[in-house]
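# Architecture at a glance
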Amino acid sequence: MCVTAVESRPAGALGTNRRQSHRPFGARVMAFVALTKPRIIELLLITTVPVMFLAQQGVPDLGLVLITCLAGYLSAGGANALNMYIDRDIDALMDRTAQRPLVTGMVSPRECLAFGIALAIASTLLFGLAVNWLSAWLALGALLFYVVVYTMILKRRTAQNIVWGGIAGCMPVLIGWSAVTNSVSWASVILFLVIFFWTPPHYWPLSMKVKEDYARVGVPMLPVVASNKVVARQIVLYSWVMVAVSLLLTPLGYTGWFYTVVALATGGWWLWEAHALQSRAKAQVTGAKLKEMRLFHWSITYVSLLFVAVAVDPFVR
């Protein structure tokens, strides 16, 4: 499915009509921070640090953890800033993105582009010089995949955008492992797949909530082009695969009883919520009664608890 770019008022138009003095320094700083999407990066770090503990089978060098987190923040922040630069036309028309810095004019498109490129360069050099070059190339690959493959190619063309575009969000798992070992193992690949299968059922409930926004700008998120019943069925399918993959770590010898208990408990609750959403969708429940955001909020709790278990497990085996 191909869609054309939408027309809108030029992003940043508000800013071009103001004097620089009308954009307070403090607000400008916060606007540049907002370009990095800090709340999304929190989730990326949640999947990076615990993997470093698993790779070390104990406490990794805390200096290495700090540098990896800083470089990871810069890399993901650069990707997010470039994403906002590319999507500034549709961001101006969507309610959920109407307050982004490029839309309000607090940051100009040129500033955003330069900021994103600078973060990309700085993160790659920091990874390469202070961690290792394998981690640097993985981080750069994730950034380019998110910006080019997801934002520029997939997002406006296919309902599978978040499925394959989500690969970029899986890379911090590999980066965390490689930062400690300068290699990639099956354990990191399994956790990569957990995040891969987690991303669609994490994001689709939110897309169900704001599908009018996406429909208005011609972005074919699955809930825009398919019924709630179809979307819920896909959520359940991905959820079962995700939980099954999460349980592979223990039989392969990477984790013990603690991780297994947490994975079973949290995965079981996830499946309960996913099937409950599917039941409501089958009954053609709409509006607030669909309660799609329950699964979205639980998905964040799930991945946090699962990866905390990844970090704790080496100490209780």
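Residues numbered from 1 in each chain as written. Predicted model: local features only at pLDDT ≥ 70, side-chain atom pairs only at ≥ 80, totals over all residues. Heavy atoms only, no water.

## Section: the overall build of the chain
Along its length, the chain carries 16 helices and 0 strands. Relative to its length of 317 residues, the chain is compact, with a C-alpha radius of gyration of 20 Å against a globular reference of 20 Å. Dimensions of the chain, computed from C-alpha atoms along their principal axes, come out at roughly 60 × 55 × 30 Å. Expressed as a percentage of the 317 residues in the chain, the buried residues total 54%. Excluding contacts between residues fewer than 6 apart, the proportion of contacts in the chain whose partners are at least 24 apart in sequence is 77%. (Helix = DSSP H or I, 4+ residues; strand = E, 2+ residues; numbered from the N terminus. Rg over C-alpha atoms; globule rule 2.2 N^0.38 Å. Buried < 20%, exposed > 50% of the residue type's maximum accessible area, 1.4 Å probe, protein only. Contact = heavy atoms within 4.5 Å.)

## Regarding the packing of helix H15 (residues 257-282) against helix H16 (residues 292-316)
With their axes 8 Å apart at the nearest point, H15 and H16 run at an angle of 170 degrees to one another. Considering the angle they form, H15 stands roughly antiparallel to H16. Classifying every residue of the contact of H15 with H16 gives 18 nonpolar, 3 polar and 4 charged. (Axes fitted to C-alpha atoms, helices over the stretch in contact; angles between N-to-C directions. Parallel < 35°, antiparallel > 145°, perpendicular 65-115°, else oblique. Nonpolar A, V, L, I, M, F, W, Y, C, P; charged D, E, K, R; others polar.)

## So, the packing of aromatic side chains
Taken as a whole, this structure holds 10 aromatic pairs when the rule is applied. By way of ring pairs, the aromatic residues Trp164, Phe196, Phe197, Trp204 and Tyr238 are connected into one cluster. A cation over an aromatic ring shows up here: Arg88 above the ring of Tyr85, its NZ or CZ 4.3 Å from the ring centre. (Phe/Tyr/Trp six-rings, centres within 6.5 Å; stacked < 30°, edge-to-face > 60°. Lys NZ or Arg CZ within 6 Å of the ring centre and 35° of its normal.)

## A few points about the side chain of Ser188
Considering the arrangement of structural elements, one finds Ser188 in helix H11 (residues 186-209). At a separation of 2.6 Å, a polar atom in the side chain of Ser188 contacts the main-chain carbonyl oxygen of Ser185. Beyond its immediate chain neighbours, meaning those up to four positions away, Ser188 contacts Val173, Leu174 and Trp177. (Polar contact = N/O pair within 3.5 Å; in protein donor to acceptor, adjacent residues only side chain to side chain.)

## Re the pattern of salt bridges
Enumeration according to the criterion identifies 8 salt bridges in this entry. A salt bridge links Asp91 to Arg100; the nearest nitrogen and oxygen atoms lie 3.1 Å apart. You can call Asp91 buried: its relative accessible area is 3%. When salt bridges that share partners are traced, they join Asp87, Asp89, Lys155 and Arg156 into one network. (Salt bridge = Lys/Arg side-chain N within 4 Å of Asp/Glu carboxyl O.)

## Some details on unusual backbone geometry
Backbone phi values are negative for most residues with the exception of glycine, while trans is the configuration of most peptide bonds. Phi is positive for Gln57, which is not a glycine, with a value near 55 degrees. Of note in the backbone geometry, Gln284 takes a positive phi value of approximately 60 degrees without being a glycine. A relative accessible area of 68% places Gln284 in the exposed class.

## What about the environment of Leu277?
Positionally, Leu277 belongs in helix H15. Of the residues examined, Leu277 reaches a relative accessible area of 1% and is grouped as buried. Those residues within four positions of Leu277 in sequence are excluded, and the remaining contacts are Met208, Ala232, Ile235, Leu290, Glu292 and Leu295.

## Overview of the packing of helix H3 (residues 38-56) against helix H10 (residues 167-181)
Interhelical geometry of H3 versus H10 gives an angle of 35 degrees and a closest axis separation of 8 Å. The chirality of how H3 crosses H10 is right-handed. For the pair H3 and H10, the contacting residues are Leu44, Thr47, Thr48, Val51, Met52, Leu54, Ala55 and Gln56 in the first and Gly169, Pro172, Val173, Gly176, Trp177, Ala179, Val180 and Thr181 in the second. Tallied by class, residues from the contact of H3 with H10 come to 10 nonpolar, 6 polar and no charged. (Left-handed = near helix turned anticlockwise from the far one by under 90°.)

## Digging into the confidence of the model for the chain
Close inspection of predicted coordinates is inappropriate in any region flagged by low pLDDT. In the predicted model, the chain carries a mean pLDDT of 91, and the fraction of residues at 70 or more is 93%. The element-level mean pLDDT for the chain is lowest in helix H1 (residues 13-16), coming to 42, with helix H7 (residues 109-130) highest at 98. Low pLDDT, under 50, characterises residues 1-21; the predicted model gives this stretch 37 contacts beyond four residues in sequence or across chains. (pLDDT = per-residue confidence, 0-100.)

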